[in-house]
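What follows is each chain in one-letter form.
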Amino acid sequence: MPENSHMPGETPGLSRKQFITAVGVGALAVPAVAGATANASSAPPGNELLACTPGRTTVAQTEGPYFKPNSPRRDDLTAGVSGVRLVVTGHVFDRACRPLDRVLMDFWQADAMGAYDNTGYRLRGHLYTGADGSYRLTTVVPGLYPGRTRHIHVKLQAPGQPRILTTQLYFPGEPRNSTDTIYDPSLLMNVRTVGSGREGTFDFVLDVAGTGTPSPTPTPTGEGGTWRAGAFYAAGAQVTYGGAAYRCLQAHTSAAGWEPPNVPALWQRV
Ligand SMILES: [Fe+2]
């Protein structure tokens, strides 16, 4: 269901009229850590920034029947809402992997009981990425409803860009991931348990050229030797962990909880 207007004018650089009809942005997604499941109690700050692969844009998905325009601007959706607290962080990049600032990100989701608020704006809100392309959303873990696995909806639009990416984020380890026909594993967040809450990460890549400064390509620091947290591993890097050898499948900066046996999306036993 395309929408032709959106968001009152509290935006840095976007008017509601500029938030125009969505079009699909195809291709492969960049997966922050597709398929990775981590359960560390904490992670070193800064390690949530994962590598972006130029040209691999985040896959589009249906917006479904529950989108509503004009959500409030807020990055915390938990006021008056019960459920397991979930903080989702990440970055938004252009297709050359440069961070995109002032990207509009409009989130909507079911509550812990699997219900959408279709009369008000509970668990709906939009925010903008910072100068480094980062975003942070505080919400609750959405509940299940018939026919779908657990998911969060989001629309993204870079300033001055006509195209909107509409997509969904998923949770690893959900039984319904294998039966939901909309589910796409490239849209899996990396999710870890922190205390009584959850922390999810996901990096988006929009199909826009962007104008920012290219992100420096990290110098691989973890090639060879024993796996350690806080190192940048390039695809193909080999490490040992627990006496076994592993090959890196996807470039990333490692974090506690992402030890090779825990994240088959990142590491393959060799
Ligand atoms: Fe939904």
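Residues numbered from 1 in each chain as written. Predicted model: local features only at pLDDT ≥ 70, side-chain atom pairs only at ≥ 80, totals over all residues.

**Q** Honestly, the overall build of the chain in this entry has me stumped. Any pointers?
**A** The secondary structure content of the chain amounts to 0 helices and 14 strands. Put simply, the chain runs from its N terminus to its C terminus through helices and strands in the order β-β-β-β-β-β-β-β-β-β-β-β-β-β. Scored against the burial criterion, the 270 residues of the chain give a buried share of 43%. Excluding contacts between residues fewer than 6 apart, the proportion of contacts in the chain whose partners are at least 24 apart in sequence is 69%. (Helix = DSSP H or I, 4+ residues; strand = E, 2+ residues; numbered from the N terminus. Buried ≥ 20, exposed ≤ 12 C-beta atoms within 10 Å, placed from the backbone. Contact = placed C-beta atoms within 7 Å.)

**Q** Please explain unusual backbone geometry as it appears in this structure.
**A** What is expected of a backbone is that most residues other than glycine have negative phi and most peptide bonds are trans. The backbone of Asn70 sits at a positive phi, close to 65°, despite the residue not being glycine. Here Asn70 lies in the segment before strand S1 (85–93). The backbone phi angle of Arg102 is positive, close to 60°, even though this residue is not glycine. Of note, Arg102 is situated in the loop between S1 and strand S2 (104–108).

**Q** So what exactly am I meant to see when it comes to the sheet that holds strand S6 (residues 165–170) here?
**A** Working definition: the strands of a sheet are paired by backbone hydrogen bonds and lie parallel or antiparallel to each other. The 4 strands lie next to each other as S3-S2-S5-S6, forming an open sheet whose pairing is antiparallel. A strand with exactly one partner marks an edge of an open sheet, and here the two such strands are strand S3 (124–128) and S6. Across the sheet, the mean angle from the axis of one strand to that of its neighbour is 25°, orientation sign disregarded. Pairing geometry for S2 and S3, over 5 bridges, is antiparallel. The residue of S3 that forms the bridge with Trp108 is Arg124. (Pairing = 2+ DSSP bridges. Axes fitted to C-alpha atoms, helices over the stretch in contact; angles between N-to-C directions.)

**Q** Could you clarify how one ought to interpret the environment of His252 in this entry?
**A** Here His252 is to be found in strand S13 (residues 252–253). Classification of His252 by C-beta neighbours within 10 Å gives buried; the count is 28. For His252 and Phe232, which are 20 residues apart along the polypeptide, the C-alpha to C-alpha distance reads 5.7 Å.

**Q** For this particular structure, what's the right way to read the sheet that holds strand S14 (residues 267–269)?
**A** Overall, antiparallel pairing links the 3 strands, which are arranged S11-S12-S14 in an open sheet. Each of the sheet's edge strands pairs with one partner strand only, and the pair in question is strand S11 (238–241) and S14. Recorded for the sheet is a direction-independent mean angle of 40° between the axes of neighbouring strands. Strand direction decides the pairing type here: S11 and strand S12 (residues 244–248), joined by 4 bridges, are antiparallel. When the sheet's bridge partners are listed, Gln238 is paired in S12 with Arg247.

**Q** Honestly, the pairing of S6 in this entry has me stumped. Any pointers?
**A** Each regular strand shows side chains that alternate between the opposite faces of the sheet. With 6 of 6 residues buried, S6 lies mostly within the body of the structure. Neither face of S6 is open: one carries Leu165, Thr167 and Leu169, the other Thr166, Gln168 and Tyr170, and all of them are buried.

**Q** What am I meant to see in the pairing of S1 here?
**A** Across 7 bridges, the pairing between S1 and strand S4 (residues 134–140) is antiparallel. The residue bridging Val88 from the neighbouring strand is Leu137, located in S4. Two strands pair when backbone bridges link them, and S1 and strand S8 (residues 197–201) are joined in this way by 4 bridges, in the parallel orientation. By the bridge assignment, Thr89 is partnered in S8 with Thr201.

**Q** Is there a simple way to think about the environment of Ala96 in this case?
**A** Counting through the fold element by element, Ala96 comes out in the loop between S1 and S2. Taking C-alpha positions, Ala96 is 8.6 Å from Val205, a pair spaced 109 residues apart along the chain.

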